[in-house]
Amino acid sequence: MIIVRNSEARGHANHGWLDSHHTFSFGDYYDPSAMGFRSLRVINEDRVAARSGFGAHPHRDMEIITYVLSGQLEHRDSMGSVGVLRAGEMQRMTAGTGVRHSEMNNSDEEVHFLQIWILPERKGLTPGYEQKEFPLAERQGKFRLVVSPEGQDGSLKVHQDLRLYSTVLGRGEKTEYTLAPGRHAWLQVARGAGTLNGMALKAGDGVAVSEESRLELSATEPLEALLFDLG
């Protein structure tokens, strides 16, 4: 079973300095039929204007993944973590018992990124932070593991039964993924266009997958996508 959630169905909020599209219910956008998928709770596509951003604010009991598509984003938190994320870099923050952080675009160009919230395996985890680069060469033409429970193959470690893969495909290129029995998947197209098992997709589209085994992603134009393998 493959269900496409078209980009046009997403919630949208434009605050001037922030232009955000919400795949699932978030903030003032509420759709009872779009409250998340399995442990995946939030996928926001954010564009933050130059010299602006999210000031310090609190989170708790959530695994937060930030994936930069273009530009740069500076992270600071109450754990003392400081980092600047650029395209091809990803961070994982475990909010756990509570953390405050800020996300600022201190450059002269817009930053474009995905912010992903994952429900943790349990509440009350110790807060933590990781940041890593995943070079284009490791993602070109294939699914590269970027997040996993074990931190396998140099991926970020997440406290949930979830594996996240990133891929970049050139026009006409394709890659495959085998979903184990009883597993589910969510595919998010970050940019470009293509097909999943023959179903046409474009930037901003999300796809819920259940009771399928073989997934074939093809690019009809240069494409970047994330694939979540979920329990």
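Computed from a predicted model, the values in this text were never measured in an experiment.

(A) Spotlight on the UniProt feature "domain: Quercetin 2,3-dioxygenase C-terminal cupin" (unreviewed entry) in the chain. Mapped onto this structure's residue numbering, the UniProt feature "domain: Quercetin 2,3-dioxygenase C-terminal cupin" (unreviewed entry) falls at residues 145-230. Helix makes up 0% of residues 145-230 and strand 67%, and the two end C-alpha atoms of the span are 13 Å apart.

(B) Just the UniProt feature "domain: Pirin N-terminal" (unreviewed entry) in the chain, in detail. In the UniProt entry, the feature "domain: Pirin N-terminal" (unreviewed entry) is given for residues 7-118. In residues 7-118, the share of helix is 0% and the share of strand is 59%. The end C-alpha atoms are 20 Å apart.

(C) Summary view of the side chain of Arg 5. Here Arg 5 lies in strand β1 (residues 2-5). In this structure, Arg 5 is buried with no salt-bridge partner, the nearest side chain bearing the opposite charge being Asp 31 at 4.2 Å. Polar contacts involving the side chain of Arg 5 include one to the main-chain carbonyl oxygen of Ala 9, which spans 3.2 Å. In terms of polar contacts, Arg 5 uses its side chain to reach the backbone carbonyl oxygen of Thr 23, at 2.6 Å. Beyond its immediate sequence surroundings of up to four residues, Arg 5 is in contact with Arg 10, Thr 23, Tyr 29, Asp 31, Ala 34, Trp 186, Gly 204, Asp 205 and Gly 206.

(D) Region of interest: the sheet that holds strand β12 (residues 128-133). The strand order across the open sheet formed by 7 strands is β2-β3-β4-β11-β6-β9-β12, and the pairing between neighbours is antiparallel. Strands at the two margins of the open sheet, each flanked by one partner only, are β2 (11-14) and β12. Here the strands of the sheet are splayed against their neighbours by 15 degrees on average, with no regard to which way each runs. One ladder, built from 5 bridges, connects strand β6 (residues 63-70) with strand β9 (residues 89-94); its direction is antiparallel. Considered in β9, the bridge of Ile 65 is made with Arg 92.

(E) Representation of the environment of Arg 47 in the model. Mapped onto the fold, Arg 47 is located in strand β4 (residues 40-48). Overall, the relative accessible area of 31% leaves Arg 47 in the partly exposed class. When the C-alpha positions of Arg 47 and Ser 70 are compared, they lie 9.5 Å apart, and in sequence the two are 23 residues distant. Contacts of Arg 47, omitting those with residues within four sequence positions, involve Trp 17, Leu 18, Asp 19, Glu 110, Val 111 and His 112. Engagement of the side chain of Arg 47 in a polar contact is seen with the side chain of Glu 110, the distance being 3.3 Å.

Reading guide: rules and limits
Residues numbered from 1 in each chain as written. Predicted model: local features only at pLDDT ≥ 70, side-chain atom pairs only at ≥ 80, totals over all residues. Heavy atoms only, no water. UniProt positions renumbered as here; feature names shortened; annotations may be inferred. Helix = DSSP H or I, 4+ residues; strand = E, 2+ residues; numbered from the N terminus. Buried < 20%, exposed > 50% of the residue type's maximum accessible area, 1.4 Å probe, protein only. Lys, Arg positive; Asp, Glu negative; His and termini not counted. Salt bridge = Lys/Arg side-chain N within 4 Å of Asp/Glu carboxyl O. Polar contact = N/O pair within 3.5 Å; in protein donor to acceptor, adjacent residues only side chain to side chain. Contact = heavy atoms within 4.5 Å. Pairing = 2+ DSSP bridges. Axes fitted to C-alpha atoms, helices over the stretch in contact; angles between N-to-C directions.

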